[in-house]
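Survey of secondary and tertiary structure
Residues per chain, in single letters:
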Amino acid sequence: MEYDAALEHLGRCGRFQKITAIAMSLVGIPAGFNMVAMTFLGAMADHRCRLHDSSRAGGYAANVTEGLNASIPWENVGGTWRLSQCNMYMDPLGAEAGENATIAPCEYGWVYDRSQYSSSIVTEFDLVCDKAWLTELAQSIYMSGVCVGAVLFGALSDRYGRRPILLLCLTVQIPLMFAVAFATDYVTFVTLRFIIGATMNGFLYSGIVIGTEVVHTSMRTLFGMSVPFTMVISYIMLGALAYCFRDWRTLQLAMSIPLVFFLSYWWLAPESPRWLLTNRKSEEAKAVIRKAAKQNGVEIPEKIYELIDQAGEQVIQITSHLRTRSQFFVGMLFQALCALICKNTTPTFFT
């Protein structure tokens, strides 16, 4: 209520609110990048078995010669005949001579069609055939991190403040985003993505809450709509980046670079005055309001600051009262528990 009174003097859409709202709406860009990144990082490419060095077949784009026919069986997929992507003949010479040859899984790895994507985690970590499910698992692990981040950083932001958690998640997130581009194996890749998912959601939610609690109530709907809008922009940007960079490591680096600009949030992101007032930090709340008044070019009456001080004292009294009541009820519960234990155990000593 006290901050609402201050807003009446700050103005419903002053410079401070505009800067904060725009900055906090931009948190949707890195969130959007990471949410759909696996579409390109884990892009599937056509493939077939890599043949033994003594085989007469060439690369993936080699003509379907008699030697290739003798090395890889054909399969009918959706009414279309194509070379098998996961099987090969164990005895190509026997198959070429018309004998029945044993079909087995690819023994020497795979050859990939690189006409559309020069590389992805699928082609680099061979996530095909019996390992194809690992691509979907990677996205599931990322979303698990998102869920963990929602619970963990949501609670931490209520306890320690919106701004510290916003900056913590940003600080952890930036080096990890760059580190993903240098992951050398699948486990490292999904582990980093899990942590990024958690910190990304903490960054997103903290930014949304700061923006919602700073702007006037009449502007909250508009601010809430701006965050999904910036996420849509990030989808378009990611598509353009993926068109330009066909290598997954280069694409990951391209997604990471914009995060560096968010380091400006050390100066742009204020703490939520509402959170400060709720948590008995009246002086810090008044400092944020004074900064906002200076940016907006207005003066806040001293009466507003007095109301803030009085509200802080009331919160302290209420908290102290609740703590006293909780201690009383815990004590009563302990006494009742002791009485129950004595009632159930005393007869055993006299029988």
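Residues numbered from 1 in each chain as written. Predicted model: local features only at pLDDT ≥ 70, side-chain atom pairs only at ≥ 80, totals over all residues. Heavy atoms only, no water.

**Some remarks on the pairing of strand S3 (residues 80–83)**
We count it as follows: We call two strands paired when DSSP finds no fewer than two bridges between them. Helix numbers and strand numbers start at the N terminus; a helix is a DSSP run of H or I with at least 4 residues, a strand a run of E with at least 2.
Bridge count for strand S2 (residues 74–77) against S3 is 4 bridges, and the pairing is antiparallel. Paired with Asn76 across the bridge in S3 is Trp81. Between the antiparallel neighbours S2 and S3 lie 2 residues, among them Gly78 with a positive phi of about 60 degrees.

**With respect to the state of the cysteines**
Heads up, the condition is: By disulfide we mean two sulfur atoms from cysteines, separated by a distance within 2.5 Å. Three labels apply to residues, based on accessible area from a 1.4 Å probe with only protein chains included: buried if under 20% of the type maximum, exposed if over 50%, partly exposed otherwise in between.
A complete count under the given rule lists 1 disulfide for this structure. Shown here is the disulfide that connects Cys86 with Cys129, its sulfur atoms set 2.0 Å apart. Residues Cys86 and Cys129 share a disulfide whose torsion about the S-S bond is about -100 degrees; that sign makes it left-handed. Taken as a pair, Cys86 in the loop between S3 and strand S4 (87–89) and Cys129 in the loop between helix H7 (121–125) and helix H8 (133–160) lie far apart in primary sequence, 43 residues in all. Judged by relative accessible area, which is 25%, Cys86 ranks as partly exposed. Note on Cys129: relative accessible area 23%, which makes it partly exposed.

**Concerning helix H10 (residues 186–214)**
Given 3.6 residues to a turn, an α-helix orients residues that are three or four positions apart in the same direction. Under the convention used in this document: Here the expected span of a helix is defined as 1.5 Å times the quantity of residues minus one. Here a polar contact is taken to be a pair of N or O atoms separated by no more than 3.5 Å, where protein atoms must pair a possible hydrogen donor with a possible acceptor and residues adjacent in sequence count only if both atoms sit in side chains.
Helix length check: H10 (29 residues) gives 42 Å between terminal C-alpha atoms against 42 Å at 1.5 Å per residue, within 8%. Between the side-chain oxygen of the N-cap and the backbone nitrogen of Val187 there are 3.2 Å, and the N-cap of H10 in question is Asp185.

**Concerning a nonpolar patch on the surface**
Selection rule: Distance thresholds for patches are 9 Å for like charges and 5 Å for nonpolar side chains (Val, Leu, Ile, Met, Phe, Trp, Tyr), applied to residues having over 30% relative accessible area and no salt bridge. Methods summary: accessible areas were calculated by the Shrake-Rupley approach with a probe of 1.4 Å, and residue burial reflects only the protein chains presented. A carboxyl oxygen of Asp or Glu within 4 Å of a side-chain nitrogen of Lys or Arg is what we treat as a salt bridge.
On the surface, Val260, Leu263, Trp266 and Trp267 cluster together to form a nonpolar patch covering roughly 450 Å² of accessible area. Tracing the backbone shows Val260 in the loop between helix H12 (248–256) and helix H13 (265–268). Val260 sits in the partly exposed class, given a relative accessible area of 39%.

**Some details on the packing of helix H3 (residues 28–36) against H10**
For clarity, the cut-off: Axes, fitted as lines to C-alpha atoms, cover a helix only where it is in contact. Angles between the N-to-C directions of the axes lie from 0 to 180 degrees. Under this scheme an angle from 65 to 115 degrees is roughly perpendicular, one under 35 degrees roughly parallel, and one over 145 degrees roughly antiparallel; angles in between are oblique. A clockwise turn of the near helix away from the far one marks a right-handed crossing, whereas an anticlockwise turn of less than a right angle marks a left-handed crossing. What makes two residues a contact is simply this: any of their non-hydrogen atoms within 4.5 Å.
H10 packs onto H3 with a crossing angle of 150 degrees between their chain directions and a minimal axis gap of 9 Å. Comparing their axes, H10 and H3 come out roughly antiparallel. Regarding H3 and H10, the two cross each other, and that crossing is left-handed. Contacts between H3 and H10 involve Gly28, Pro30, Ala31 and Asn34 from the former and Arg193, Ile196, Met200, Phe203 and Leu204 from the latter.

**Structural notes on the packing of helix H11 (residues 220–244) against H12**
In helix packing, the relevant descriptors are the interaxial angle and the interaxial distance, both defined with respect to the helix axes. We count it as follows: Residue polarity is assigned by list, with Asp, Glu, Lys and Arg as charged and Ala, Val, Leu, Ile, Met, Phe, Trp, Tyr, Cys and Pro as nonpolar; anything else, Gly included, falls into the polar class.
Running from N to C, H11 and H12 cross one another at 145 degrees; their axes reach a closest spacing of 9 Å. Between H11 and H12 the crossing geometry is right-handed. Across from Leu238, Leu241 and Ala242 in H11, the residues of H12 making contact are Leu251, Ala254 and Met255. Classifying every residue of the contact of H11 with H12 by side-chain character gives 6 nonpolar, no polar and no charged.

**Focus on the nonpolar core**
Selection criterion: Working definition of a nonpolar core: buried Ala, Val, Leu, Ile, Met, Phe, Trp, Tyr and Cys residues. They are joined through side-chain atoms within 4.5 Å.
If you look at the biggest cluster of nonpolar residues, it comprises 81 residues, and the most contacted ones within it are Met24, Leu41, Phe189, Phe203 and Tyr265. For this core, the element with the highest residue contribution is H10, accounting for 11 residues. Aside from chain neighbours lying at most four places away, what touches Met24 is Leu166, Gly207, Ile210, Gly211, Phe223, Tyr265 and Ala269.

**Considerations on the side chain of Gln173**
With respect to the helices and strands, Gln173 occurs in helix H9 (residues 162–180). Not counting the four nearest positions on each side in its chain, Gln173 is found in contact with Pro30, Thr199, Met200, Phe203 and Leu259.

**What about the pattern of salt bridges?**
Tallied over the full model, the rule gives 4 salt bridges. The shortest N-O distance in the salt bridge between Glu124 and Arg249 comes to 2.3 Å. Taken together, the residues Glu124 in helix H7 and Arg249 in helix H12 connect sequence positions 125 residues apart. Between Glu213 and Arg162 there is a salt bridge; the shortest N-O distance is 3.0 Å. Residue Glu213 is found in helix H10, and its partner Arg162 is found in helix H9; the two are separated by 51 residues along the sequence. Accessibility expressed as a relative area gives 16% for Glu213, which makes it buried. With relative accessibility at 9%, the residue Arg162 sits in the buried group.

By themselves, these observations are geometric and do not establish any function.
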